[in-house]
Amino acid sequence: MEEYAYIIDYLPQGRAEDKNFRKSPLILAIGENEFKLLEILPKPDAVITVGDKIYIGKSPEKRDKIISIKRRITYKELTSAAISELPYTIENIIDDNPQRFVDFFNNSEAINTRMHTLELLPGLGNKSMWTVLEERKKEPFKSFDDITERVKSVHNPKKMIVNRIMDELQNRYEKYKLFVAK
């Protein structure tokens, strides 16, 4: 379950396609850990700003901006503003906890005898994957800069992860989900 989410759009009048006479305001957000896309009901007096990190966990007294999570949504249900904001927000999530994603490079394993998890990152091919594996045997990676410095063919590992998460959110990869909860 998600504890925190990042706001990617705020609809003070609700969705335009909503048939209800009394439309309620909506927050569109992405979860911090499992990258779930959510529709959230805000508190009437809450100040909502796109890009804010909000608490959505189980503890009602800590929920200062939201009433409840309305439902989980798909990428296709996002507004165009939310779609535009999404890559930047994912990058912010990675920046808030970079070690989690550097550890992906340090701890990823083979899926089967022919494929490795690292190969599922857009832009990281077989040769780069082998270089990453050799370098991490010598010493675990400490940061994205360390990865870029030690593996010359990997220019922007953070961007690779952002692109993979975006692809998973758009269901481009049905079989393997590395970051987004099913």
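Before reading further, recall that the structure is shown in the block above.
Residues numbered from 1 in each chain as written. Predicted model: local features only at pLDDT ≥ 70, side-chain atom pairs only at ≥ 80, totals over all residues. Heavy atoms only, no water.

1. Quick notes on the overall build of the protein chain
Part 1 of the argument: For the protein chain, the helix and strand inventory stands at five helices and five strands.
Part 2 of the argument: Order of helices (α) and strands (β) in the protein chain, N terminus to C terminus: β-β-β-β-β-α-α-α-α-α.
Part 3 of the argument: Principal-axis analysis of the C-alpha atoms gives the protein chain an extent of 60 × 30 × 25 Å.
Part 4 of the argument: The buried share of the protein chain, reckoned over its 182 residues, is 45%.
Part 5 of the argument: Counted over contacts in the protein chain with a minimum sequence separation of 6, partners at least 24 positions apart contribute 57%.
Part 6 of the argument: Per element, the accessible surface of the protein chain, about 10,300 Å² overall, is 50% carbon and sulfur.
Part 7 of the argument: Between the averaged position of the 31 positive side-chain charges in the protein chain and that of its 29 negative side-chain charges there is a distance of 5 Å. (Helix = DSSP H or I, 4+ residues; strand = E, 2+ residues; numbered from the N terminus. Buried < 20%, exposed > 50% of the residue type's maximum accessible area, 1.4 Å probe, protein only. Contact = heavy atoms within 4.5 Å. Areas by Shrake-Rupley, 256 points an atom, 1.4 Å probe, with all protein chains shown as cover. Lys, Arg positive; Asp, Glu negative; His and termini not counted. Charge placed at Lys NZ, Arg CZ, Asp CG, Glu CD.)

2. Structural notes on helix H2 (residues 98–107)
Helical geometry note: an α-helix holds 3.6 residues per turn, so side chains three or four residues apart project in the same direction.
Part 1 of the argument: Here H2 has its buried residues at Phe101, Val102, Phe104, Phe105 and Asn106.
Part 2 of the argument: On the buried face of H2, the contacting elements are helix H1 (80–96), helix H3 (126–138), helix H4 (144–150) and helix H5 (157–169).

3. Details of the environment of Ala29
Part 1 of the argument: You can see Ala29 is positioned in strand S2 (residues 26–31).
Part 2 of the argument: Of the residues examined, Ala29 reaches a relative accessible area of 0% and is grouped as buried.
Part 3 of the argument: Sequence-wise, Ala29 and Asp9 are 20 residues apart; in three dimensions their C-alpha atoms are separated by 6.9 Å.
Part 4 of the argument: Those residues in contact with Ala29 that lie beyond four places of it in its chain are Ala5, Tyr6, Ile7, Ile8, Lys36, Leu37, Leu38 and Ile40.

4. Observations concerning the packing of H1 against H5
Part 1 of the argument: Where H1 meets H5, the axes come as close as 10 Å, and the angle between the chain directions of the two elements is 125°. In terms of orientation, H1 and H5 fall into the oblique class. In the packing of H1 onto H5, the handedness of the crossing is right-handed. Along its contact with H1, which presents Leu86, Pro87, Ile90, Glu91, Ile94 and Asp95, the element H5 presents Lys158, Ile161, Val162, Ile165, Met166 and Leu169.
Part 2 of the argument: Partitioned by chemical class, the residues of the contact of H1 with H5 number nine nonpolar, no polar and three charged. (Axes fitted to C-alpha atoms, helices over the stretch in contact; angles between N-to-C directions. Parallel < 35°, antiparallel > 145°, perpendicular 65-115°, else oblique. Left-handed = near helix turned anticlockwise from the far one by under 90°. Nonpolar A, V, L, I, M, F, W, Y, C, P; charged D, E, K, R; others polar.)

5. A word on the sheet that holds strand S5 (residues 66–72)
Remark on secondary structure: sheet strands pair via backbone hydrogen bonds, oriented parallel or antiparallel.
Part 1 of the argument: One open sheet holds the five strands; their spatial order is S4-S1-S2-S3-S5, and the pairing between them is antiparallel. For this open sheet the edge positions go to strand S4 (53–55) and S5, each flanked by a neighbour on one side alone. The mean angle between the axes of side-by-side strands here comes to 45°, regardless of whether they run parallel or antiparallel.
Part 2 of the argument: Relative to S5, strand S3 (residues 37–42) runs antiparallel, the two being bridged by five bridges. Pairing of Pro42 across the sheet is with Ile66, part of S5.
Part 3 of the argument: Lying on the sheet, H1 is in contact with strand S1 (4–11), S2 and S3; it crosses S1 at an angle near 160°. (Pairing = 2+ DSSP bridges.)

6. Examining the nonpolar core
Part 1 of the argument: Ile30, Leu86, Ile90 and Phe105 are the most contacted members of the largest nonpolar core, which totals 39 residues.
Part 2 of the argument: Elements represented by at least two residues in this core include exactly S1, S2, H1, H2, H3, H4 and H5.
Part 3 of the argument: Residue contributions to this core peak at six residues, all from H5.
Part 4 of the argument: Beyond its immediate chain neighbours, meaning those up to four positions away, Phe105 contacts Leu118, Leu121, Leu124, Val132, Arg136, Phe141, Phe144, Ile147, Pro157 and Ile161.
Part 5 of the argument: Residues Ala29, Ala46, Ile56 and Ile66 belong to the second largest nonpolar core, which totals eleven residues. (Core = buried A, V, L, I, M, F, W, Y, C linked by side-chain atoms within 4.5 Å.)

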